[in-house]
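Commentary on secondary and tertiary structure
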Amino acid sequence: MSFYDRYVIWQKKLRNCPGEACQTGDVLRALSRERLYPEDLLALLSPAAKPYLEEMAQKAYRLTVQNFGRSIALFTPLYLANYCNNRCVYCSFNANNQIVRRKLTFNEVEQEGKAIAATGLQHLLLLTGESRQHSGPNYLEACVKRLRPFFASLGIEFYPLAEEEYRRLYEAGVDALTIFQEAYDEEIYASVHPAGPKRNHRYRLDAPERACRAGIPSVNIGALLGLGEWRDEAFFTALHAEYLQQYYPDVELSISVPRLRPHVGTYQPKTSLVTDAALVQIILAYRLFLPRAGLTLSTRENPRLREDILPLGITKMSAGSLTSVGGYAENTEVGSAQFEIADERPVGEIAAMLRSKGYQPTFCDWVNFREQGKHEPTVAS
């Protein structure tokens, strides 16, 4: 069994009955239910739901407080390398782009980690481009072991790995995986990944499940909003998350809502822009359909929007982010960034903003007891 089987079934259903066919009654029925079904998700993502966004927002807020309280977990990304063999048209790391390529040495990895830890953050997300030559499993495992002493939680956002490779990284200290399918639609996926190992849609689609089987206890998925029709992409993202919750109930499941950002290259999506209103509708539909799933909002979004969206279901935010290789430690050389961020506020400023709005900024909400040096959960004072 694989999510792909469910994906194929629903692709056929949507061809016969697209979400755009949903009516007001379908939306009201979805809002009245305690437990939602995929048909309800379609209704909440449909044009018919637009007049009911305020009602959806009120319910989303109640569900979020009920399941998560008013706590927002903070994390930051650390790019280890930007060498890549892929030709993703929307990404600065595209192998054809003339950018400054870098790979952190192990000493630099440790320096960067110490600089990030000094901000108080205890959740770190590690990223690379897809090049097994420059950042293969041995390098990744060594980086994890270097950083493990400084953080309570280490997440990875690498290229798709085999199950045994995920298990190896889990045993080295990784406790979270983030991986975006980018585009669930197979035709769109092929068009934006014209060459490179990332072209394999099915292998990437099954990566979260391989990580779950390998023992990684926290998984975060998402579509890169803007590559395909946002309603379809959001529907399949949520359906994928529901599948993982169903078959791996012990795994903490989260969804990210990344939108396309300026990057090196000239790619312009063929689909319409994912507006702020569309992003709000997506987040609300996710929260109502998956009340116990985490929702992550990154620094891709501008400060005002991030603050406005907070009450709608967000449980985790990045802070003080860089998308370059290096840059946290003063003496580390910097490689080209993957994309431009929109919220450049440092960790302390993000924490202060959250407190001012009645939220508790949490620097650490996960304790990895596999290590001898145990970290106590901490919140910003």
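A brief report on the enclosed structure follows. The shown structure was predicted, so the numbers you read here are calculated from the model rather than taken from an experiment.

Moving on, we come to the nonpolar core. In terms of nonpolar packing, the biggest core is built from 123 residues, with Leu44, Leu78, Leu80, Tyr166, Phe235, Ile309 and Leu354 touching the most fellow members. Looking at this core element by element, the count peaks at ten residues for helix 12 (residues 276–289). Other than its neighbours up to four places away in sequence, Ile309 contacts Leu279, Val280, Ile283, Leu297 and Ile314.

Quick look at the side chain of Asp206 now. Following the sequence through the fold, Asp206 ends up in the loop between helix 9 (201–205) and helix 10 (207–214). By relative accessible area, Asp206 is classed as buried at 14%. For Asp206, the side chain forms a polar contact with the side chain of Ser2, separated by 2.7 Å.

Most of strand 9 (residues 360–364) is tucked away, with four of its five residues classed as buried. Where strand 1 (residues 71–81) and strand 9 come together, three bridges link them in parallel fashion. Looking at strand 9, one finds that Ile72 is bridged to Pro361.

Note that Phe68 resides in helix 4 (residues 53–68). Sequence-wise, Phe68 and Arg292 are 224 residues apart; in three dimensions their C-alpha atoms are separated by 8.1 Å. Other than its neighbours up to four places away in sequence, Phe68 contacts Arg287, Pro291, Arg292, Ala293, Gly294 and Thr315.

Next up on the list: the packing of helix 6 (residues 137–147) against helix 7 (residues 163–172). Where helix 6 meets helix 7, the closest approach of the two axes is 9 Å, and the angle between their N-to-C directions is 20°. Taken together, the axis directions place helix 6 and helix 7 in an arrangement best described as roughly parallel. Handedness of the crossing formed by helix 6 with helix 7: right-handed. Contacts from Pro137, Asn138, Leu140, Glu141, Val144 and Lys145 in helix 6 reach Glu165, Arg168, Leu169 and Ala172 in helix 7. Tallied by class, residues from the contact of helix 6 with helix 7 come to five nonpolar, one polar and four charged.

We now examine the pairing of strand 7 (residues 294–297). Burial along strand 7 is two-sided: the residues Gly294 and Thr296 and Leu295 and Leu297 are all buried. Across three bridges, the pairing between strand 6 (residues 252–256) and strand 7 is parallel. Bridging across to strand 7, Ile255 finds its partner in Leu295. As for the winding sense of the linkage, the β-α-β connection from strand 6 through helix 12 to strand 7 is right-handed. With two bridges connecting them, strand 7 and strand 8 (residues 316–318) associate as parallel partners. Across the sheet, Leu297 pairs through a bridge with Met317, a residue of strand 8. You can see the chain leave strand 7, run along helix 13 (residues 303–309) and come back into strand 8, and the turn it takes is right-handed.

Here Lys198 is to be found in the loop between helix 8 (186–192) and helix 9. Judged by relative accessible area, Lys198 falls into the buried class, the value being 10%. Of note is the side chain of Lys198, whose polar atom sits 3.1 Å from the side chain of Tyr90. The residues touching Lys198, leaving out its near neighbours within four places in the chain, are Asn86, Cys88, Tyr90, Glu130, Glu182, Tyr189, His193 and Arg204.

Looking now at the pattern of salt bridges. Note on pairing: side chains with opposite charge can pair once their charged atoms come close. Tallied over the entire structure, the rule returns 21 salt bridges. The shortest N-O distance in the salt bridge between Arg148 and Asp175 comes to 3.6 Å. Taken together, the residues span a long stretch of sequence, with Arg148 in the loop between helix 6 and strand 3 (153–157) and Asp175 in the loop between helix 7 and strand 4 (176–182) at a distance of 27 residues.

By the element assignment, Cys88 lies in the loop between strand 1 and helix 5 (106–117). Given the relative accessible area of 5%, Cys88 is considered buried. A sequence separation of 77 residues divides Cys88 from Glu165, and the C-alpha atoms of the two residues are 24 Å apart.

Turning our attention to the packing of helix 3 (residues 38–45) against helix 11 (residues 230–247). Packed helices, taken two at a time, are described by the angle between their axes plus the distance between the axes. Close contact between helix 3 and helix 11 brings their axes to 10 Å; oriented N to C, the two are set at 150°. For the pair helix 3 and helix 11, the crossing hand works out as right-handed. Note on element contacts: helix 11 touches helix 3 through Trp230, Arg231, Ala234, Phe235, Ala238, Leu239 and Glu242, opposite Pro38, Leu41, Leu42 and Leu45.

Moving on to helix 2 (residues 24–32). For helix 2, every residue scored as buried is listed here: Val27, Ala30 and Leu31. Down the axis of helix 2, the smallest arc covering the buried residues is 95°, so these residues share one side. Buried residues in helix 2 make contact with helix 3, helix 4 and helix 12.

The rules we used
Sequence order as written defines residue numbering, which begins from 1 separately in each chain. Reporting in this predicted model follows two pLDDT cut-offs: at least 70 for local features of residues, and 80 or more for side-chain atom pairs to be given and counted; totals over whole chains, interfaces and linings ignore these cut-offs and use all residues. Side-chain numbers come from the whole structure's heavy atoms, not from hydrogens or water. We define the nonpolar core as a collection of buried residues of types Ala, Val, Leu, Ile, Met, Phe, Trp, Tyr and Cys that are connected through side-chain atoms lying within 4.5 Å of one another. With a 1.4 Å probe rolled over the protein chains alone, any residue whose accessible area is under 20% of its type maximum counts as buried; one over 50% counts as exposed, and the rest are partly exposed. To qualify as a helix, a DSSP run of H or I must reach at least 4 residues; to qualify as a strand, a run of E must reach at least 2; elements of each kind are numbered from the N terminus. Note on contacts: a residue pair qualifies if any of its non-hydrogen atoms lie within 4.5 Å across the two residues. Under the rule applied, a polar contact is a pair of N or O atoms within 3.5 Å (in protein, one hydrogen donor and one hydrogen acceptor; residues adjacent in sequence only if both atoms are side-chain atoms). Following DSSP output, two strands are said to pair if at least two bridges run between them. Here the axes come from fitting lines to C-alpha atoms, over the contacting stretch only for helices, and the angles between their N-to-C directions go from 0 to 180 degrees. Oblique is the label for every angle not falling under 35 degrees (roughly parallel), over 145 degrees (roughly antiparallel), or within 65 to 115 degrees (roughly perpendicular). Should the near helix be turned counterclockwise from the far one by less than a right angle, the crossing is left-handed, whereas a clockwise turn marks it as right-handed. Residue polarity is assigned by list, with Asp, Glu, Lys and Arg as charged and Ala, Val, Leu, Ile, Met, Phe, Trp, Tyr, Cys and Pro as nonpolar; anything else, Gly included, falls into the polar class. Think of it like this: strands point away, you trace from the first strand over the helix to the second, and a clockwise trace means the crossover is right-handed. For this analysis, a salt bridge means a side-chain nitrogen from Lys or Arg found within 4 Å of a carboxyl oxygen belonging to Asp or Glu. Directions drawn from the helix axis to the C-beta atoms are what define this arc.

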